[in-house]
Amino acid sequence: FVRPLFLAPNQALEVNLSGVKQQLEAYDQVAETVSAHLRRKFSDFWSGGAGLSLMYDQVAQQGTTRLYQLVGVPVSASYNSTGTTDALLDPVSGVRASAALTPTQSFGASSLTFAVLQASASTYVDFGSDGRSVLALRALVGSIVGGTNLELPPDQRLYAGGSATVRGYAYQSIGPQFPDGSPVGAKSVNAATVEFRQRIGEDWGAAT
């Protein structure tokens, strides 16, 4: 549920209710989440938000199932000078950047206070001024403060691999592993990508 113009012209209230059941290489999860966020656009380029989330989280890893109740307070800021608002279109110039901090209190299987910090940025260089030959640079960093790796709920740990971090590697496949080769998850992640995109004719394109 989204309520635009909430108390201010450039401000919106967003309420989310979600449920998920998934089986991944790192863990199996059944979870329900309810959250509320206040999002505000500060200028043509800058926006930010803050909220509160409550999560009922059942996670199985390495044959052990644990139940967590998580209370999080996410705070985020983002910058976008690409001029692209359509999610289906690739930017060809400008910068996108975002940073998020989520202090979290875990109850249930572990009584733990931790904070997840994540930041990412990407920039695009248009060599031909027509959007057909573009160099895309992207980097992300993440870190979790508080607790040890295995004290954290498995779904809150950081993973690498897949199109969002390192293409060419399976989702969650990079990082610490258990003896059977399944992912453990980590307290930090750093990744960077350099990509060249080339349009070919009207209907084709390639990237390396």
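Just so we're clear, the structure is a prediction, and the values are computed from it rather than from any experiment.

Draft legend 1. Spotlight on the layout of surface pockets. In this structure, the largest pocket spans a volume of roughly 910 Å³. Residue assignment for the lining of the largest pocket shows that the elements contributing at least two residues are strand E2 (11-23), strand E3 (28-41), strand E4 (46-61), strand E5 (64-72), strand E6 (75-80), strand E7 (94-108), strand E8 (112-126) and strand E9 (133-145). In terms of residue count, the dominant contributor to the lining of the largest pocket is E7 (five residues). Split by residue class, the lining of the largest pocket holds 19 nonpolar, 18 polar and two charged.

Draft legend 2. Broad picture of the nonpolar core. With ten residues, the main nonpolar core is built from Leu112, Phe114, Val116, Leu140, Ile144, Leu152, Leu158, Ala160, Val189 and Ala191. For this core, the secondary structure elements donating two or more residues are E8, E9 and strand E10 (188-200). Top element by residues in this core is E8. It accounts for three residues. Setting aside chain neighbours within four positions, we find Leu112 in contact with Thr104, Gln105, Ser106, Gly147, Glu151 and Leu152. Counting residues in each nonpolar core, the second largest holds eight residues, with Ala31, Met55, Val59 and Tyr159 among its members.

Draft legend 3. Geometry of the pattern of salt bridges. Applying the stated criterion across every chain, the model contains three salt bridges. Here Glu14 ties to Arg39 by a salt bridge, and the two come within 3.1 Å at their closest N and O atoms. Taken together, the residues span a long stretch of sequence, with Glu14 in strand E2 and Arg39 in strand E3 at a distance of 25 residues. Using a relative accessible area of 21% as the deciding quantity, one classes Glu14 as partly exposed. Here Glu195 and Arg197 are joined by a salt bridge, their closest N and O atoms 2.7 Å apart. Residue classification places Glu195 among the buried residues on the basis of a relative accessible area of 9%. On the basis of relative accessible area, Arg197 is assigned to the partly exposed category, the value being 21%.

Draft legend 4. Quick look at the pairing of E4. Note that E3 and E4 share 14 bridges and pair antiparallel. Along E4, the bridge assignment pairs Thr33 with Met55. Linking two consecutive strands that pair antiparallel, namely E3 and E4, is a turn of four residues. Here E4 runs beside E6; their pairing, made up of five bridges, is antiparallel. From the neighbouring strand, Ser47 faces E6, where its bridge partner is Ser78. Where E4 and E5 come together, nine bridges link them in antiparallel fashion. Each bridged residue has a counterpart across the sheet, and for Leu54 the counterpart in E5 is Val71.

Draft legend 5. Fine view of the packing of aromatic side chains. Tallied over the full model, the rule gives four aromatic pairs. Note on Phe45 and Tyr79: the rings are 5.6 Å apart at their centroids and 65 degrees apart in plane angle, and the pair reads as edge-to-face. Of this pair, Phe45 sits in the loop between E3 and E4 while Tyr79 sits in strand E6, placing them 34 residues apart in sequence. Summarising the aromatic geometry, the rings of Trp46 and Tyr79 are spaced 5.0 Å apart at their centres and angled 55 degrees between planes, so their arrangement reads as tilted. One end of the pair, Trp46, is in strand E4; the other, Tyr79, is in strand E6, and 33 residues separate them in sequence. We classify Tyr79 as partly exposed; its relative accessible area is 23%. Taken together, the ring pairs connect Phe45, Trp46 and Tyr79 into an aromatic cluster.

The rules we used
- Note on numbering: residues in each chain are counted from 1, in written sequence order.
- For a predicted model such as this one, the threshold for reporting local features is a pLDDT of at least 70, and the threshold for listing and counting side-chain atom pairs is 80 or more; totals across whole chains, interfaces and linings nevertheless cover every residue.
- As a rule here, side-chain values come from all non-hydrogen atoms in the structure, and water together with hydrogens is ignored.
- Buriedness for pockets is judged along seven lines, at least five of which must meet protein on both sides within 12 Å for an open set on the 1 Å grid over protein atoms alone, while cavities are sets there where a 1.4 Å probe fits but cannot get out, and lining residues have an atom within 4 Å of a point.
- Grid points are joined across faces, edges and corners, and a volume is the space filled by probe spheres set on the points.
- Strands here mean DSSP runs of E at least two residues long; helices mean DSSP runs of H or I at least four residues long; both are numbered from the N terminus.
- Gly is put with the polar residues, along with every residue not named as nonpolar or charged; the nonpolar set is Ala, Val, Leu, Ile, Met, Phe, Trp, Tyr, Cys and Pro, and the charged set is Asp, Glu, Lys and Arg.
- We define a nonpolar core as any set of buried Ala, Val, Leu, Ile, Met, Phe, Trp, Tyr and Cys residues linked to one another through side-chain atoms lying within 4.5 Å.
- Burial classes follow relative accessibility: with a 1.4 Å probe on protein chains only, a residue under 20% of its type's maximum area counts as buried, one over 50% as exposed, and anything between as partly exposed.
- Contact criterion: two residues are considered in contact whenever any of their non-hydrogen atoms come within 4.5 Å of each other.
- Within this document, salt bridges are pairs made up of a side-chain nitrogen of Lys or Arg and a carboxyl oxygen of Asp or Glu, the two lying within 4 Å of each other.
- Here the rule is simple: two strands pair whenever DSSP picks up at least two bridges between them.
- Here the aromatic set is Phe, Tyr and Trp, taking the six-membered ring for Trp, and pairing holds for ring centres within 6.5 Å; pairs whose planes are under 30 degrees apart are stacked, those over 60 apart are edge-to-face, and all others are tilted.

These figures capture arrangement, not role.
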